[in-house]
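Residue-level listing of the chains:
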Amino acid sequence: MSICYLKEQNLFEIRTHRSTYLFGINERGTVQHVYWGSPVEASECADRLKPRHHSSFDAAIDQETEEFGGWGGTHFAEPVLRATFSDGVRDLKMVYDGFGQPGDRELVIRLKDAHYALRVEVHYRVIPEFDLIERYVQVYNDETQPVKIEQIMSAVWSVQALPEYRLTHVTGRWAAEFQLRSETLSEGKKTLESRRGFTGPHANPWFAIDNGKADETSGQVWFGALGWSGNWKIVAEKTTFGHVRVVGGVNDFDSSFVLDPGSSFTTPVFTGGYTSEGFGGMSRNLHRYQAEYVLPSSRPRKVLYNSWEATYFDVTAEGQKALARRAARLGVERFVVDDGWFGARNSDRAGLGDWYVNPEKFPNGLQELIDEVKGLGMEFGLWVEPESVNPDSELFRKHPEWVYHFPTREGTLLRNQLLLNLALPEVKAFVLDFMTELLSRYEISFIKWDMNRTVTEPGTMSAEGLEGRSVWIRHVENLYEIWAELRRRFPDVEFETCAGGGGRIDLGILRFADQAWISDNTDARDRLTIQEGFGYVYSPSVMMCWVTESPHGFNGRSLPLSFRFHSAMMGGLGIGADITGWSEEEMEEAARWVAVYKEIRPTIMQGDLYRLESMRNTNAAAYQYVGQDGQEAVVFAFLHSQHFGSEERRLRLQGLDPNAVYEVESAPGATVQRHGSTLMNLGIPLTLQGDYKSRLIRLKRVD
Ligand code: GLA
């Protein structure tokens, strides 16, 4: 049993394989958090369940560790629920009202207001094998009058009794997403958030807390990731009584909404976890959880070719066919036409919204190209950006009222485009209809769904219709509903989430997306850092990486083809260069790497990731993947540059069986046999010299 109610002590115990999570109802009726960490004997912890008072200036201290409490009375910490009743009262007093156990792994704690018929159900779903708990909340208005919800968060996670609290998170910007940061929390709040209408590249809804000493292989880490692709907020608050509460959910910024009588609202899921195996343990648990519980399918990523960096908007049937013929020679499995195939789309200034095939670019229609691609043995994929519209488009001329807009304001143009208000039912229907038409008419196996700007002027042209601020939430709900419906209608089509690179990646969209485009920055060195940050939270099995040109268009850096391949083989491999210009030698080398990738793909897709070295700290980076059955492993090692005469670098491997013997292939045909213990404790020499060198090392268990 993962969940236990200890009646005598009034304690709830959530047990996972390697952790205990405890809370209870104290004598004041507060649902008080008690413990979260390595396993303990629950019945011996009851003495921690007690009210504590400090002064007339503070909340009762146990209130600070409440599992879920509304703003009212002496709640001074970041609230999880704020509401205004129809009589103007804006004070909540949520009292415990029993619990339910809908299944072995589920617990529901019921709370209700002491006076008003406002109820909350706090849900816990346990994933014992990965030491995770999914939490979300449902709020019900049983009043006869509407209630305004000003803030409703998915969960509050309490981390207690550490001498120091270090917060790790990611920040970034376009082309530099998923940059890791750590800082010691002092009293006060640290807010990670998006107010831009999507998950955003500037921060990502994930946090980790440790005592400042955890590393890749050891140490306690408490962490959480939120599944919401709109405005979100995670607040890590260190109280003056020395513990940390992490509150997260839909951002309350500009987001109040009315809950009509008899209606309810369900928050997104906030998944939290605990490990004593450091940041590596955290990542592996999150990755396995995504594979088992979040992602819509377990299909491995196809090797794809994408034409964006080769042609930009200069898409033509002949040009695409030439690229497709070269791509097929490399062993590519899926050919994707990016932006520029539709409407009057010759630049980013026009055409968005007009989702019909451009007749000048495809005089014989799109089917001709699809036939060619399929004849070459590849699948066909297409780029779309359904939520966007250029003012210079037929769609905008017909429906100017569909965009986000305040009547007295000039709409902000970003990349020459506006955003459709997907919260409107007619816009939702338009998107679902044209996507259905596109996917029904053509043999399309893959859709890259982009969103190249943030939301601004989040209003509607007409005063009637939606209650203003709820658009932030409705946009995301409708997006999820569209993706869910498209998946139902076209179960064989795979979808990629993209928002100008990695701007919409989170556990919410990953319930519908097979893969993610994590950055428009395809420079293989910059990518190592981006991919590393991404991999802290998200599974390499969804991480799309392309091999592109050298020198790279963004930063002029020249990198060997092997380095570019090694960097891109660490997730779903793609090629995004103008391969019509590649020499025969480059074509041959690339085809060899694609063939190797296909051999190691099961290990990358289903294996466990171990970060051995990071260029954040040293001049080398190394990442190891160990296959699920432990029979095979792969190491990608990269050298940035080295100081002459510095000590010989060795890579100490992880995740192997110390007693097993492995055949280690360091170059084609060159193998040695080593015990797991030697590989993990003494390691293998890096043997890289020079600037921007890389190696792929394959291991096979032989005993
Ligand atoms: C975004 C995407 C790119 C590409 C362009 C097309 O920037 O991230 O990969 O699809 O749009 O306009």
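Residues numbered from 1 in each chain as written. Predicted model: local features only at pLDDT ≥ 70, side-chain atom pairs only at ≥ 80, totals over all residues. Heavy atoms only, no water.

Under an unreviewed UniProt entry, the name given to the chain is Alpha-galactosidase, and the source organism is Cohnella candidum. In its Sequence similarities (unreviewed entry) section, the UniProt entry covering the chain states "Belongs to the glycosyl hydrolase 36 family." Check the Catalytic activity (unreviewed entry) section of the UniProt entry for the chain; it says "Hydrolysis of terminal, non-reducing alpha-D-galactose residues in alpha-D-galactosides, including galactose oligosaccharides, galactomannans and galactolipids." (UniProt positions renumbered as here; feature names shortened; annotations may be inferred.)

Now for the overall build of the chain. Helix and strand counts for the chain come out as twelve helices and 38 strands. Against the compact-globule benchmark of 27 Å for 703 residues, the chain has a radius of gyration of 27 Å, which places it among compact chains. With respect to the principal axes defined by its C-alpha atoms, the chain has extents near 80 × 70 × 40 Å. Burial status across the chain gives 61% buried among its 703 residues. Sequence separation of 24 or more characterises 69% of the internal contacts of the chain that already satisfy a separation of 6 or more. The distance from the centre of the 75 positive side-chain charges to the centre of the 97 negative ones in the chain is 2 Å. (Helix = DSSP H or I, 4+ residues; strand = E, 2+ residues; numbered from the N terminus. Rg over C-alpha atoms; globule rule 2.2 N^0.38 Å. Buried < 20%, exposed > 50% of the residue type's maximum accessible area, 1.4 Å probe, protein only. Contact = heavy atoms within 4.5 Å. Lys, Arg positive; Asp, Glu negative; His and termini not counted. Charge placed at Lys NZ, Arg CZ, Asp CG, Glu CD.)

Turning to the UniProt feature "binding site: substrate" (unreviewed entry) in the chain, a few remarks are in order. In this numbering, the UniProt entry assigns the feature "binding site: substrate" (unreviewed entry) to Trp 174, Asp 338, Asp 339, Arg 415, Lys 448, Trp 449, Asp 450, Met 451, Asn 452, Cys 498 and Asp 520. Here Asp 339 is to be found in the loop between β22 (334–337) and α5 (366–375). By relative accessible area, which is 1% here, Asp 339 ends up buried. With sequence-adjacent residues up to four places away left out, Asp 339 is seen in contact with Trp 308, Tyr 312, Phe 313, Val 315, Arg 345, Trp 383 and Arg 415. Structurally, the position occupied by Cys 498 is in the loop between β27 (494–497) and β28 (515–517). Given the relative accessible area of 1%, Cys 498 is considered buried.

Our focus in this paragraph is the packing of aromatic side chains. A complete count under the given rule lists 42 aromatic pairs for this structure. A ring pair is formed by Phe 342 and Trp 355, whose centres lie 4.3 Å apart and whose planes are at 40°; its orientation type is tilted. Here Phe 342 is found in the loop between β22 and α5, whereas its partner Trp 355 is found in the loop between β22 and α5, with 13 residues between them in sequence. Connected via pairs of aromatic rings, a cluster forms that spans Tyr 5, Phe 12, Tyr 21, Phe 23, Trp 36, Phe 99, Tyr 124, Trp 157, Phe 207 and Phe 270. Lying across the ring of Tyr 140, Arg 119 places its NZ or CZ 4.3 Å from the centre. The residue whose ring lies beneath Arg 527 is Trp 517, and the NZ or CZ to ring-centre distance is 4.8 Å. (Phe/Tyr/Trp six-rings, centres within 6.5 Å; stacked < 30°, edge-to-face > 60°. Lys NZ or Arg CZ within 6 Å of the ring centre and 35° of its normal.)

A few words on the sheet that holds strand β1 (residues 3–6). Strand order in the open sheet formed by four strands is β1-β2-β3-β4, and the pairing between neighbours is antiparallel. Since the sheet does not close on itself, it has two edges, and those belong to β1 and β4 (31–37), each with one partner. Recorded for the sheet is a direction-independent mean angle of 15° between the axes of neighbouring strands. In this sheet, strand β2 (residues 11–16) lies alongside β1 in antiparallel orientation, the contact comprising four bridges. Each bridged residue has a counterpart across the sheet, and for Cys 4 the counterpart in β2 is Glu 13. (Pairing = 2+ DSSP bridges. Axes fitted to C-alpha atoms, helices over the stretch in contact; angles between N-to-C directions.)

Turning next to the side chain of Gln 417. Take Gln 417: it is sitting in the loop between α6 (394–398) and β25 (418–419). Its relative accessible area of 0% is what places Gln 417 among the buried residues. At a separation of 3.1 Å, a polar atom in the side chain of Gln 417 contacts the side chain of Ser 388. Apart from residues lying up to four places away in sequence, Gln 417 is in contact with Leu 352, Glu 385, Ser 388, Val 389, Asn 390, Pro 391, Thr 412, Asn 452 and Arg 453. (Polar contact = N/O pair within 3.5 Å; in protein donor to acceptor, adjacent residues only side chain to side chain.)

Around the ligand, the structure places 13 residues, and the nearest of them are Asp 338, Asp 339, Lys 448, Asp 450 and Asp 520. A distance of 2.9 Å separates an oxygen atom of the ligand from a polar side-chain atom of Arg 415. In this structure, Asp 450 approaches the ligand through a side-chain N or O atom, which is 2.9 Å from an oxygen atom. Relative to its unbound accessible area of 300 Å², the ligand is 97% covered by the protein chains. For the shell around the ligand, the residue count by class is four nonpolar, three polar and six charged. (Near = heavy atom within 4 Å. Areas by Shrake-Rupley, 256 points an atom, 1.4 Å probe, with all protein chains shown as cover. Nonpolar A, V, L, I, M, F, W, Y, C, P; charged D, E, K, R; others polar.)

So, on to the domain arrangement of the chain. Examined at the domain level, the chain breaks down into domain 1 (3–294), domain 2 (304–605) and domain 3 (612–701). For domain 1 and domain 2, the distance between their C-alpha centroids amounts to 34 Å. Of the residues lining the interface, 46 residues belong to domain 1; the matching set on domain 2 comes to 42 residues. Approximately 3600 Å² of surface area, both sides summed, lies buried where domain 1 meets domain 2, with 60% of it carried by carbon and sulfur atoms. Here domain 1 and domain 2 share two salt bridges between them. Across the pair Arg 469 and Asp 254 runs a salt bridge, and its minimum N-O distance is 3.1 Å. Between domain 1 and domain 2 we count 22 residue pairs in polar contact (both at pLDDT 80 or more) in total. (Domains from an automatic or database assignment. Buried area = accessible area lost by both parts, 1.4 Å probe. Salt bridge = Lys/Arg side-chain N within 4 Å of Asp/Glu carboxyl O.)

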